[in-house]
Amino acid sequence: MNGRAFLAMLARDAHVARRNVVVLLFQTFLQPLLFVFIFGRVMVRSGYMPASYKSLLLPGIMAISMVFTGIWAVAMPLISEFQFTREIEDRLLAPIEIGWVAMEKVLAGTIQALLSGLVVIPAAWLILRPVALDFSRPLLFLAVTVLVALFAAAGGLALGCTVNQTHIGLMFSLVLTPMIFFGCTYYPWSALDSFPILQKAVLINPLVYASEGLRATLVPQFPHLSLIAVLIVLTLFDALMLVLGLRQFRGKAVS
Amino acid sequence: MVGIRTHDLRKVYNSAPPFGAGGGSPPAQRGKQKKPKPEIVALDGLSLEVAAGEVFGLLGPNGAGKSTTVGILTTRVQPTGGQAWIGEHDVWKQQVPVKRVIGVVAQRPNLDFSLTAREILAFHGAYFGLDSHERTKRADALLERFKLTDRADQMVRGFSGGMMQRLSIARAMMHDPQVLFLDEPSAGLDPQTRLLLWEIIREYNHSGKTILLTTHNMEEADALSHRLAIIDHGRMIALGTPGDLKASVPGGYLLRLRFGTNSPELLEKLRSLAGVREVRPVEPNGADVYADRGGSLIPEVATFAASSGAELHDVNISEPSLENLFLHHTGRSLRE
């Protein structure tokens, strides 16, 4: 691998992200923070939701922000760069194996997803105060966030190299929206106890493990999936998405 | 100094070929029954040898296989069969060393729309490991050479087609590649810019670099190339210097004649005229006459036509050119 070329590509992505920072901020944070405000503040203060819901909500919101930022950051540029502007060709012709061009995209997406997750915490905390978060296991928390961010970016790679430009809308309504609503983001997995079939079915949704994993590390006082299971399944999803994404990327890059 | 070599290169697409590679392809059909995917043969056993330091032109109509050849030589298209080398490196097996020595200008602009012109050059230099001082120096020089200095710090999104094309070429030269690929470099350029580009290409070649360019413009192929290969349907149909190739057309002049009626007897008579080398009937009522002379033949042709009862309707005379050569070999015009 050519480290200099890899770093130069990473610098290019950072440069472009810095240039678009305002758009990126709105894109990433507006929706989750509005959600936090309505459900965590309006609904709680008006008495429709118990105060404890605030702490339950925050990890879910963090999971959504991270997964969406990562997918968006990798998939959207790839869709247009491969199909419309072809601007990725310059990097495909750089003196580096093309698999590393894809890995650079994944790394850049992972960093963006991590940043979004880390910004959501203080922002949501400001809106929701007081909220009980447990930071007593920082390493486990870090492991979960990194696995979630990597999943998002690798998933973005797989989606971005698979979805056709004309099907972006479909990708949102058919893949991402059901993923959020059945992702145990706004409710814990145990809330599905009275829907046994659904409760089993949602286990194919990786966002479930992201939300539950963050819940297990940030608000362990609520019922959550086993942290070990979450770590194993997230690792498997990460590996699957990377293998799939790299294969799709090669298929797109070489005709 | 690095040369280019291909041996028996084949490429069969079983989906739509990428833009700029293979024209007129039928779209893949999707029905309830799975039909076999249409196969498009873009290259059919192409062997080329381009000497180090040579400007080599690939001339052919759209869909002839020019872009596919460039695609394979630049690691972007996987050949179905055969081999390709840049210098000592097998293109498909040693992609990174190959990418290090080549610069590529694609047929369609593929500039990084999120960057300014100067940044595009600088990041390209960085991908190739140039340090920041060298990047700045080369970017400034190239922007100046391609007359883009006043737009250097603007986003390329708003650039005209000609400016994008100039910047694409500047970018390909940024890492000073030993081999430069130019796929239809002057398509869409105004005549003035085209001349600037030709001058830059010649200058780059004089510094010892190998250049492979594709074009369907005979004038360009003639003006720039040391040697030319004419390709059609993925096969080479002629190879040589522009002068040799033009001299290989019988007579050199081509008279395309159209008559009021079809008369084989008239064509026989035309063959007997002084200076006529070859007469080819063209459906329905025409003939392509290859001859040593052009306009001076017309009065005799008109007299023969009148005496055979086939009035002369249309005459098109062209001087010795690569276009005539292409027509002679394929029976089709380059522009068809």
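Analysis parameters
As a convention, each chain's residues are numbered from 1 in the sequence order in which they are written. Numbering of ligands from 1 and lettering of chains from A proceed in the order in which they are written. Only residues with pLDDT of 70 or above have their local features reported here, since the model is predicted, and side-chain atom pairs are shown and tallied only from 80 upward, although totals for entire chains, interfaces and linings are computed over all residues. Here, strands pair whenever DSSP counts at least two bridges between them. Put simply, DSSP H or I for four residues or longer makes a helix, DSSP E for two residues or longer makes a strand, and each gets a number counted from the N terminus. Between the N-to-C directions of two axes lies an angle of 0 to 180 degrees, each axis being a line fitted to C-alpha atoms and, for a helix, fitted only over the stretch in contact. This entry defines residue contacts through backbone-placed C-beta atoms, with two residues in contact when those atoms are within 7 Å. By this rule, a helix spans an expected 1.5 Å times one less than how many residues it contains. Here the C-beta atoms are placed from the backbone, and a residue counts as buried if at least 20 other C-beta atoms lie within 10 Å of its own, exposed if 12 or fewer do, and partly exposed otherwise. In this context, the arc is that of the directions from the helix axis out to the C-beta atoms. Domain start and end points were adopted from an automatic or database domain assignment. Under the scheme applied here, ten amino acids are nonpolar (Ala, Val, Leu, Ile, Met, Phe, Trp, Tyr, Cys and Pro), four are charged (Asp, Glu, Lys and Arg), and all others, including Gly, are polar.

Looking at the sheet that holds strand β14 (residues 312-318) of chain B
Residues and elements named next belong to chain B.
Line of reasoning, step 1. An order of β12-β13-β11-β14 is seen for the 4 strands of this open sheet, with the pairing classed as antiparallel. Each edge of the open sheet carries a strand with a single partner, namely β12 (276-282) and β14. Shown here is a sheet whose adjacent strand axes are inclined to one another by a mean of 15°, direction ignored.
Line of reasoning, step 2. Bridge count between strand β11 (residues 253-259) and β14: 6 bridges; the pairing is antiparallel. Counterpart to F259 in the pairing with β14 is L312.
Line of reasoning, step 3. Across the sheet, helix α9 (residues 264-271) touches β11, β12 and β13 (286-291), and the angle it forms with β12 is around 165°.
Line of reasoning, step 4. Against the sheet, helix α10 (residues 298-307) touches β11 and β14, its axis set at about 155° to β14.

Details of the sheet that holds strand β10 (residues 235-240) of chain B
Residue and element names in this part refer to chain B.
Line of reasoning, step 1. Spatially, β6-β7-β8-β3-β9-β10 is the arrangement adopted by the 6 strands of the open sheet, whose pairing is mixed. Bordering the open sheet on either side are β6 (102-105) and β10, each of which pairs with just one other strand. Geometrically, the sheet is characterised by an average inter-axis angle of 15° between neighbouring strands, direction not taken into account.
Line of reasoning, step 2. Looking at chain direction, β6 and strand β7 (residues 179-183) are connected through 4 bridges and run parallel. Paired with V105 across the bridge in β7 is L182.
Line of reasoning, step 3. Strand contacts of helix α1 (residues 66-73): β3 (55-59), β7, β8 (210-215) and β9 (227-232), with the helix running at about 150° to β7, the strand carrying the most contacts.
Line of reasoning, step 4. Against the sheet, helix α5 (residues 161-173) engages β6 and β7, with an angle of about 170° to β6.

Re helix α6 (residues 191-206) of chain B
Given 3.6 residues to a turn, an α-helix orients residues that are three or four positions apart in the same direction.
Residue and element names in this part refer to chain B.
Line of reasoning, step 1. When the terminal C-alpha atoms of α6 are compared, their 23 Å separation across 16 residues agrees well with the 22 Å that a helix rising 1.5 Å per residue should span.
Line of reasoning, step 2. Taken residue by residue, α6 has R194, L197, I201 and Y204 as its buried positions. The buried residues of α6 occupy one face: seen down the axis, they fall within an arc of 85°. When the buried face of α6 is taken as reference, the exposed residues oriented beyond 90 degrees from it are P191, Q192, E199, E203 and H206.
Line of reasoning, step 3. Buried residues along α6 sit against α5, β7, β8 and α7 (218-224).
Line of reasoning, step 4. Positioned one or two residues after α6, G208 has a phi angle of 95°, which is positive.

Side note on unusual backbone geometry
Residues and elements named next belong to chain B.
Line of reasoning, step 1. Backbone geometry places T75, a non-glycine residue, at a positive phi of 70°.
Line of reasoning, step 2. A count of 23 C-beta atoms within 10 Å places T75 in the buried class.
Line of reasoning, step 3. The phi torsion at H233 lies on the positive side, around 50°, for a residue other than glycine.
Line of reasoning, step 4. Position of H233 relative to the elements: it lies in the loop between β9 and β10.
Line of reasoning, step 5. Owing to 15 C-beta atoms within 10 Å, H233 belongs among the partly exposed residues under this scheme.

Some thoughts on the pairing of strand β1 (residues 4-13) of chain B
Line of reasoning, step 1. In terms of strand pairing, β1(B) meets strand β4 (residues 81-86) of chain B through 5 bridges, oriented antiparallel. Counted as the bridge partner of B:R5 is B:W85 from β4(B).

Notes on the environment of B:G81
Residues and elements named next belong to chain B.
Line of reasoning, step 1. Looking at the element boundaries, G81 is found in strand β4.
Line of reasoning, step 2. Residue G81 is classed as partly exposed on the basis of its C-beta count, with 13 C-beta atoms lying within 10 Å.
Line of reasoning, step 3. A C-alpha to C-alpha distance of 40 Å links G81 and R277, two positions 196 residues apart in sequence.
Line of reasoning, step 4. Setting aside residues no more than four positions away along its own chain, G81 makes contact with D8 and R10.

Things to note about the domain arrangement of chain B
One frequent convention defines the size of an interface as the accessible area lost when the parts assemble.
Line of reasoning, step 1. When its domains are assigned, chain B resolves into domain 1 (4-246) and domain 2 (250-319).
Line of reasoning, step 2. Of note, the centres of domain 1 of chain B and domain 2 of chain B, computed from C-alpha atoms alone, are 40 Å apart.

Focus: the interface of chain B and chain A
Line of reasoning, step 1. If you look at the interface, chain B gives 24 residues, while chain A gives 22 residues.
Line of reasoning, step 2. Only α2 (95-101) and α3 (117-127) of chain B provide two or more residues apiece to the side of chain B that touches chain A.
Line of reasoning, step 3. It is α3(B) that provides the largest number of residues to the side of chain B that touches chain A, a total of 4 residues.
Line of reasoning, step 4. Of the residues contributing to the side of chain B that touches chain A, the split by class is 12 nonpolar, 7 polar and 5 charged.

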